[in-house]
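Here is how the chains run, residue by residue.
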Amino acid sequence: MSAPSPMEISLQNPQDTEIPDQNGVIAVDSAPSPSLPQDKVLVSVEVSLKPSSTARIDDVRSAVERMLEKRSLSYTDGPVPVPPDDQFLTENVQRICICDTDEWVQNHEILLFWQVKPVVHVFQLSEEGACEDVSGDGQPSTFNEWILPAKEFDGMWESLIYESGLKQRLLRYAASALLFTEKGVNPFLVSWNRIVLLHGPPGTGKTSLCKALAQKLSIRFNSRYPQCQLIEVNAHSLFSKWFSESGKLVAKLFQKIQEMVEEENNLVFVLIDEVESLAAARKAALSGSEPSDSIRVVNALLTQLDKLKSAPNVIILTTSNITAAIDIAFVDRADIKAYVGPPTLQARYEILRSCLQELIRTGILSNFENCESPMLPNYGSLKEKLNMPEVQDARTLHMCKQLLETAEACEGLSGRSLRKLPFLGHAALASPYGCDPSKFLSTMIYTARRERSELPD
Ligand SMILES: Nc1ncnc2c1ncn2[C@@H]1O[C@H](COP(=O)(O)OP(=O)(O)O)[C@@H](O)[C@H]1O
Ligand SMILES: [Mg+2]
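Predicted model, so just to flag it, every value in this text is computed and none were measured.

This paragraph deals with the overall build of the chain. The helix and strand inventory of the chain stands at 16 helices and 11 strands. When burial is assessed residue by residue, the chain has 37% of its 457 residues classed as buried. When contacts within the chain are restricted to residue pairs at least 6 apart in sequence, long-range pairs at least 24 apart make up 74% of them.

In terms of burial, strand 8 (residues 227–233) is a largely internal element, six of the seven residues being buried. Sheet topology places strand 6 (residues 143–147) next to strand 8; five bridges connect them, and they run antiparallel. In the sheet register, phenylalanine 143 faces strand 8, and the bridge partner there is valine 233. Sheet topology note: the strand 8/strand 9 (residues 266–272) ladder contains seven bridges and is parallel. Residue pairing across strands places glutamate 232 opposite leucine 271, the latter belonging to strand 9.

Turning our attention to helix 5 (residues 166–182). For helix 5, with 17 residues, the first-to-last C-alpha span of 24 Å sits near the 24 Å given by 1.5 Å per residue. Turning to helix 5, its buried residues are Leu166, Lys167, Arg169, Leu170, Leu171, Arg172, Ala174, Ala177 and Leu178. For helix 5, the elements touching its buried residues are helix 4 (156–159), strand 7 (195–199), helix 6 (206–220), strand 10 (314–320) and strand 11 (336–339). Immediately downstream of helix 5, the backbone of glycine 184 shows phi near 70°, a positive value.

Ala174, Val196, Leu213, Val270, Leu271 and Leu317 are the most contacted members of the largest nonpolar core, which has 83 residues in total. Each of domain 2 (131–339) and domain 3 (345–453) gives at least three residues to this core. Val41, Val47, Tyr75 and Val116 belong to the second largest nonpolar core, which has 22 residues in total.

Across the sheet, seven strands lie side by side as 5-6-8-9-10-7-11; this open sheet has mixed pairing. Lying at the two open borders of the sheet, with one neighbouring strand each, are strand 5 (131–132) and strand 11. On the sheet, helix 5 packs against strand 7, strand 10 and strand 11 and is oriented at approximately 170° with respect to strand 11. Together, strand 7, strand 8, strand 9 and strand 10 form the strand contacts of helix 6, whose direction differs from that of strand 10 by roughly 165°.

Bringing helix 12 (residues 345–361) into the picture now. Compared with an ideal rise of 1.5 Å per residue, which puts 17 residues at 24 Å, helix 12 spans 24 Å between its outermost C-alpha atoms and is within 8% of the ideal. Those residues of helix 12 that sit buried are Ala347, Arg348, Tyr349, Glu350, Ile351, Leu352, Arg353 and Leu356. Tucked into the core, helix 12 has its buried residues touching helix 13 (379–387), helix 14 (394–409) and helix 15 (415–427). Directly after helix 12, the chain includes glycine 363, whose backbone phi takes a positive value near 85°.

Moving on: the site of ligand 1. For ligand 1, the set of nearby residues contains 18 residues, the closest of which are Gly205, Thr207, Ser208, Gly415 and Arg416. When residues of the shell around ligand 1 are traced back to their parent elements, those giving at least two are helix 6, helix 12 and helix 15. Composition of the shell around ligand 1 by domain shows at least three residues from each of domain 2 (131–339) and domain 3 (345–453).

The interhelical angle for the contact between helix 13 and helix 14, taken along N-to-C directions, is 125°, at an axis separation of 11 Å. Compared by their axis directions, helix 13 and helix 14 come out oblique. Our pair here, helix 13 against helix 14, has a crossing hand that is left-handed. Across the interface between the two elements, Leu382, Lys385 and Leu386 of helix 13 pack against Leu397, Cys400 and Leu404 of helix 14. Classifying every residue of the contact of helix 13 with helix 14 by side-chain character gives five nonpolar, no polar and one charged.

The subject of this paragraph is the confidence of the model for the chain. Averaged over the chain, the pLDDT score is 82; the fraction of residues at 70 or greater is 84%. Per-residue pLDDT stays below 50 along residues 1–35; that stretch engages in 66 contacts with residues further than four places along the chain or on separate chains.

It is worth spelling out the sheet that holds strand 4 (residues 116–123) at this point. If you trace the four strands from one edge of the open sheet to the other, you get 2-3-1-4, paired in mixed fashion. On the outer flanks of this sheet lie strand 2 (78–80) and strand 4, each paired with one strand and no other. Averaged over all neighbouring strand pairs, the angle between strand axes comes to 30°, with direction disregarded. Of the strand pairs in this sheet, strand 1 (residues 41–49) and strand 4 are connected by eight bridges, and their pairing is parallel. In the strand pairing of strand 4, valine 45 is matched with valine 120. Helix 1 (residues 57–70) rests against strand 1, strand 3 (93–99) and strand 4 of the sheet, and its axis sits at about 150° to strand 4.

It is worth spelling out the environment of arginine 296 at this point. Its location among the elements puts arginine 296 in helix 10 (residues 293–309). On the neighbour-count criterion, arginine 296 (16 C-beta atoms within 10 Å) is partly exposed. A C-alpha to C-alpha distance of 8.7 Å links arginine 296 and arginine 282, two positions 14 residues apart in sequence.

Here the focus is the environment of asparagine 321. Relative to the assigned elements, asparagine 321 resides in the loop between strand 10 and helix 11 (329–332). The partly exposed category is assigned to asparagine 321, around which 18 C-beta atoms lie within 10 Å. Spatially, the C-alpha atom of asparagine 321 lies 9.3 Å from that of threonine 204, the residues being 117 residues apart in sequence.

Our next topic: unusual backbone geometry. Here the amide bond leading from leucine 148 into proline 149 is cis, since omega sits at -5°, within 30 degrees of zero. Within the secondary structure, proline 149 sits in the loop between strand 6 and helix 4. Despite not being glycine, aspartate 100 shows a phi value in the positive range, around 65°. Within the fold, aspartate 100 resides in the loop between strand 3 and helix 3 (102–108). With 26 C-beta atoms packed within 10 Å, aspartate 100 lands in the buried category. Even without being a glycine, glutamate 274 presents a positive backbone phi close to 50°. With respect to the secondary-structure elements, glutamate 274 resides in the loop between strand 9 and helix 9 (276–286).

So, how was this worked out
- Residues numbered from 1 in each chain as written.
- Chains lettered and ligands numbered in written order.
- Predicted model: local features only at pLDDT ≥ 70, side-chain atom pairs only at ≥ 80, totals over all residues.
- Helix = DSSP H or I, 4+ residues; strand = E, 2+ residues; numbered from the N terminus.
- Buried ≥ 20, exposed ≤ 12 C-beta atoms within 10 Å, placed from the backbone.
- Contact = placed C-beta atoms within 7 Å.
- Pairing = 2+ DSSP bridges.
- Expected span 1.5 Å × (residues − 1).
- Core = buried A, V, L, I, M, F, W, Y, C linked by C-beta atoms within 7 Å.
- Domains from an automatic or database assignment.
- Axes fitted to C-alpha atoms, helices over the stretch in contact; angles between N-to-C directions.
- Near = placed C-beta within 6 Å.
- Parallel < 35°, antiparallel > 145°, perpendicular 65-115°, else oblique.
- Left-handed = near helix turned anticlockwise from the far one by under 90°.
- Nonpolar A, V, L, I, M, F, W, Y, C, P; charged D, E, K, R; others polar.
- pLDDT = per-residue confidence, 0-100.

Okay, here's the thing in structure tokens:
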């Protein structure tokens, strides 16, 4: 292996045969694994219940399994329509979605129903929203808490676009860590931990990816852990001007987390965003420019995290905007370190395509001559489409070319900037209503170039 390229996870054997696990995470090994019954590929099927549903999870799972058995189609990522003649399912199920087949499809082209063993995960989204810790004295809150899977994070995983299987690998490593714990693997014989560090430039989706990963795992592991929480620690708030309070705040926070963890049916995710702020605070304190209290706060936090690490049902998710080594003890021990970089051309095209498709769906982009809203091809099939212009609808083809040109013009922009670009482009239009897609895309290219010229070197 050469040096890890952006988006490579720096793990021991990234190119190894990937072993399918029991949590519906798909096998990517080209040779069928002997451990699978009839050499079938495990494919996750996520079933979201309606908020009003009170059906038993097991009943819904069986009904979906029966429904899937009757299907003789190929498996690709995306929604499966709920059969309208199935009253039980139509009453209870909001959405059925096939997940994680893309890697297989990339390597093998097609996944047919007889090759698949669907693994059905049924869940109901929590609508509670973030619950802030309210201290009431004007201090910034030290943490936010969500019950997972949360409505707020629905669709987030799918909206994040990376190449080279970054998301799948994160999911698999976290799943393996949970499995090792569950099976009681002796940590003196095989060592592993449950700390994830995502690092890279700002705006590349690290915080979102942590939240989306927690959400995914809460769905995939819900039969083992029926309850799941995400605690987002606000590291900045721990260094507020009330330093004398900070030690107490840390203690209070971790006492709460400890209580959650003691309940063995709970799966707890602790997200510590921008851990470099902890390192910076410690450094500033050592150089005398900040009160030495901050050392104590950082140390208290690290000690507490170390303690927490030994609990089997905790996953600690951390992010850092600094790619250079961070001077924090626990980060060194993160097993799963992944560099998250700015999107590649393919990812940029896909991000912009999803934006455009959304503007078409909502009618902000209209004026399609044939009255039918086009489906823009994905990057994979783009080349083929561009090479066979005669079979394409000329307008769609033109849009694709413009979209590709915009994606090329966006080199160096973060995912965050890309998702804002359509808005900026729209705002720059002279007539914002009934907007013509082609005109819109021209403005986008112009806006992209302007945004890029404003980037620091
Ligand atoms: N690779 C990506 N694919 C899709 N969207 C992205 C990507 N990277 C960033 N974004 C968008 O940017 C937003 C901000 O990302 P965020 O998680 O705050 O980044 P970070 O924590 O790295 O600064 C996300 O909500 C998402 O909409
Ligand atoms: Mg962030």
